[in-house]
Protein chains: 2
Amino acid sequence: MKEKNIEKTKAVLKIQSEIRRILGEELRKRRFIEISPVILSPITDPLNHPTTPAHINCYGKNYNVTQSMIFHKQLALRTLEKIFVFSPNVRIEPLDKKDTGRHLFEFTQLDLEVKDVKREDVMRLCEELLIATITSIKRGCKQELKMLGRGLIVPKNPFKQIRHVDAYKQYGEDFESVISKTYNEPVWIIDIPLTSREFYDKENLEKPGFLRDMDLIYPEGYGEALSGGEREYEYERIKERILKKGQNLSQFKEYLELAEKGLPSSAGFGIGIERLTRFICGLKRIEESSLFPKIPGKACI
Amino acid sequence: MKEKNIEKTKAVLKIQSEIRRILGEELRKRRFIEISPVILSPITDPLNHPTTPAHINCYGKNYNVTQSMIFHKQLALRTLEKIFVFSPNVRIEPLDKKDTGRHLFEFTQLDLEVKDVKREDVMRLCEELLIATITSIKRGCKQELKMLGRGLIVPKNPFKQIRHVDAYKQYGEDFESVISKTYNEPVWIIDIPLTSREFYDKENLEKPGFLRDMDLIYPEGYGEALSGGEREYEYERIKERILKKGQNLSQFKEYLELAEKGLPSSAGFGIGIERLTRFICGLKRIEESSLFPKIPGKACI
């Protein structure tokens, strides 16, 4: 690596380390408990887009490598009220994702979940976390931001909200990308249709077919920041949603057995640390946010 | 779970969350940078005891699930001076480990590495970290320790050191367990023979056959806390040590290619978070330290 590149990488890694610190601190202030990541489990997020499953045999049983900890977050809330975890996810993305500059096949998300709250509560929390992070990075990492040539604006809450149906109407199929390029503050997309998302996002029973969920879009063309929402937590509803999705109940056997005994209602989200680093540092490509980036289709270390 | 068990689990998880916070804070005070965990890589720690390899095919290439980040720590020090990472490790242990109360087939270690320092420097750092952690938990988690019935002693530094050869002579083959049961403060085992360890621990060239490394043993029968030491970093020495171990150079191809271009000298260690939680909370078995414990041989969630 050339000297200048090393200095740039150092600045990015220092900022990323600070991002982890600030997020952890802000959540602990709000009485969140940090739990351990889960890497292997018979159950993992099925996701709403195709990935190549990553399986490992342990003692004769088949385990998935975690695509997201959604189910474990729900299960953890049987014991705790507010949790977060820096959760490594493996998602073997289709090869057409290799040039997006936004996809890694291994990354870490700050995944959090809160018992008995609504979507709006975690949206407000997310806004506070992002504002605190950007404010603190601007104050504490002046030199690093300067070296990266990054001018950062602290966004103001509440962030703008656009309903999915309106976003589609106004900006077309590619609305996420258009909105990201159009705005200079983060924008919420809310009320995403049921068909576009996983079964575990809660359906709004007053507006059937739409979910009590949200995506956050970064400004300046950096694209999607996070997904989250309220969760289906009632056994019968969960089964119904899995079947509506055309998925097999057997795939979620262990989860359903536990859900039958009772899950708490909750809302939460997961925000990718590498994407947040990319946005805060103003990096062209996501692989610049990691010492050991996993780029789809490439042989990586 | 019964009400009393839930309260106990809550206390353990609160303390574990605090352990993560304190360790992170102490390391940041000392200008360490937190890096991201690595879950998949063509290279991982070969370990000195047999585990079932966990492989995943990504885009036609074979990846290991991380057993420890040792090589990535060395590679990271090409860019940074002092690093740490909360690193999830998967080690599919032999079935005879299922009843030890100390083994999980997935766990998290706080793994750290420092450029251009000696074993003694990271030993001193480790002592400071443990003292800070126990002091802070005693102060901040009084109620939780009381609920767990745990009386904790803050150890005094420097911790006692016993050379491996002397430990063996005085306490026999099972010295680790005997020492752990005999002492009421942590004890270092130093100068471990080359044949008992992985190739990457640095050989003491003034005492050939012995390593510049160490283990830490918890008191009160809680067994091994951590392993660490100085590292082999010179290309020729690394190759020699791999061959002396009877391992194939081809297994470490990607690592050797990078080592040939130059690695910094370093020392570091990895301390298991679940074992530290078990010790601090005074738990009978390690599975009590986790919401989703992975017990060798058992079907786990």
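Residues numbered from 1 in each chain as written. Chains lettered and ligands numbered in written order. Predicted model: local features only at pLDDT ≥ 70, side-chain atom pairs only at ≥ 80, totals over all residues. Heavy atoms only, no water.

Colleague: I'd love a proper account of the relation of the copies chain A and chain B, names of residues and values included.
Modeller: When chain A is fitted to chain B, the best match, at an RMSD of 0.0 Å, comes from turning it 180 degrees and sliding it 0.0 Å along the axis. Expressed as a symmetry operation, the mapping of one chain copy onto the other fits a two-fold axis. Relative to the rotation axis, the closest C-alpha in chain A is found at Ile56(A), a distance of 3.6 Å. The residues that chain A uses at the interface reappear at the interface of chain B in 100% of cases, marking a shared surface. (Least-squares fit on C-alpha atoms with pLDDT ≥ 70 in both. Contact = heavy atoms within 4.5 Å.)

Colleague: Give me the lowdown on the sheet that holds strand β4 (residues 61–65) of chain A, citing residues and values where you can.
Modeller: Residue and element names in this part refer to chain A. Taken together, 3 strands build an open sheet; the order of strands is β2-β4-β3 and the sheet is antiparallel. Looking at the sheet topology across the chains shown, the edges are occupied by β2 (40–41) and β3 (55–58). In this structure, β3 lies alongside β4, joined through 4 bridges in antiparallel fashion. Bridge pairing in β4 links isoleucine 56 to tyrosine 63. (Pairing = 2+ DSSP bridges. Helix = DSSP H or I, 4+ residues; strand = E, 2+ residues; numbered from the N terminus.)

Colleague: Describe the confidence of the model for chain A, and please don't skip the residues or the numbers.
Modeller: Low pLDDT marks regions whose predicted coordinates should not be analysed in detail. When the pLDDT values of chain A are averaged, the result is 97; 100% of them are 70 or greater. Across the predicted assembly, pTM comes out at 0.98 and ipTM at 0.97. (pLDDT = per-residue confidence, 0-100.)

Colleague: Explain the interface of chain A and chain B residue by residue, including any values.
Modeller: Contact with chain A, which involves 58 residues of that partner, is made by 58 residues of chain B. Both faces combined, the contact of chain A with chain B buries some 4700 Å², and carbon together with sulfur accounts for 66% of it. Connecting chain A to chain B are 2 salt bridges. Ionic pairing is found between Arg20(A) and Glu34(B), a salt bridge with its closest N-O pair at 4.0 Å. (Buried area = accessible area lost by both parts, 1.4 Å probe. Salt bridge = Lys/Arg side-chain N within 4 Å of Asp/Glu carboxyl O.)

Colleague: Which residues make up helix α8 (residues 253–261) of chain B, and what values go with them?
Modeller: Residues that lie three or four places apart on an α-helix share one face, since the helix turns once every 3.6 residues. All names here are of chain B. Regarding α8, the residues found buried are Glu254, Tyr255, Leu256, Leu258 and Ala259. Looking at the buried residues of α8, the elements they touch are β4 (61–65), α2 (70–76) and α7 (235–244). Looking at the residues trailing α8, positive phi occurs at glycine 262, about 120 degrees. (Buried < 20%, exposed > 50% of the residue type's maximum accessible area, 1.4 Å probe, protein only.)

Colleague: Kindly report on the sheet that holds strand β6 (residues 106–115) of chain A, identifying the contributing residues and their values.
Modeller: Residue and element names in this part refer to chain A. Across the sheet, 8 strands lie side by side as β1-β5-β6-β11-β10-β9-β8-β7; this open sheet has mixed pairing. For this open sheet the edge positions go to β1 (33–34) and β7 (160–163), each flanked by a neighbour on one side alone. In this structure, strand β8 (residues 187–190) lies alongside strand β9 (residues 213–218), joined through 4 bridges in antiparallel fashion. Pairing of isoleucine 190 across the sheet is with methionine 214, part of β9.

Colleague: Would you mind going over the side chain of Arg20(A) in detail, with residue names and values included?
Modeller: Relative to the helices and strands, Arg20(A) is located in helix α1 (residues 3–29). Residues contacting Arg20(A), with those up to four places away along its chain left out, are Phe86(A), Thr108(A), Arg28(B), Glu34(B), Ile35(B), Ser36(B) and Pro37(B).

Colleague: Before we move on, can you summarise the packing of aromatic side chains with the specific residues and values?
Modeller: Tallying each qualifying case throughout the model produces 28 aromatic pairs over all chains. Aromatic side chains Phe105(A) and Tyr59(B) sit 5.2 Å apart centroid to centroid with 70 degrees between the ring planes, which places their arrangement in the edge-to-face category. With Phe105(A) in the loop between β5 (82–90) and β6 and Tyr59(B) in the loop between β3 (55–58) and β4, the pair connects residues from two separate chains. The class of Phe105(A) is buried, set by a relative accessible area of 0%. Relative to Phe279(B), the ring of Tyr218(B) lies with its centre 4.4 Å away and its plane at 15 degrees, an arrangement referred to as stacked. Residue Tyr218(B) is located in strand β9 (residues 213–218), and its partner Phe279(B) is located in helix α9 (residues 273–281); the two are separated by 61 residues in the primary sequence. Residue Tyr218(B) is classed as buried on the basis of its relative accessible area of 0%. For Phe279(B), a relative accessible area of 5% puts it in the buried group. In this structure an aromatic cluster arises from ring pairing among Phe71(A), Phe199(A), Tyr200(A), Phe252(A) and Tyr255(A). Across the ring face of Phe279(B), the terminal group of Arg150(B) is positioned such that the distance to the ring centre comes to 5.5 Å. (Phe/Tyr/Trp six-rings, centres within 6.5 Å; stacked < 30°, edge-to-face > 60°. Lys NZ or Arg CZ within 6 Å of the ring centre and 35° of its normal.)

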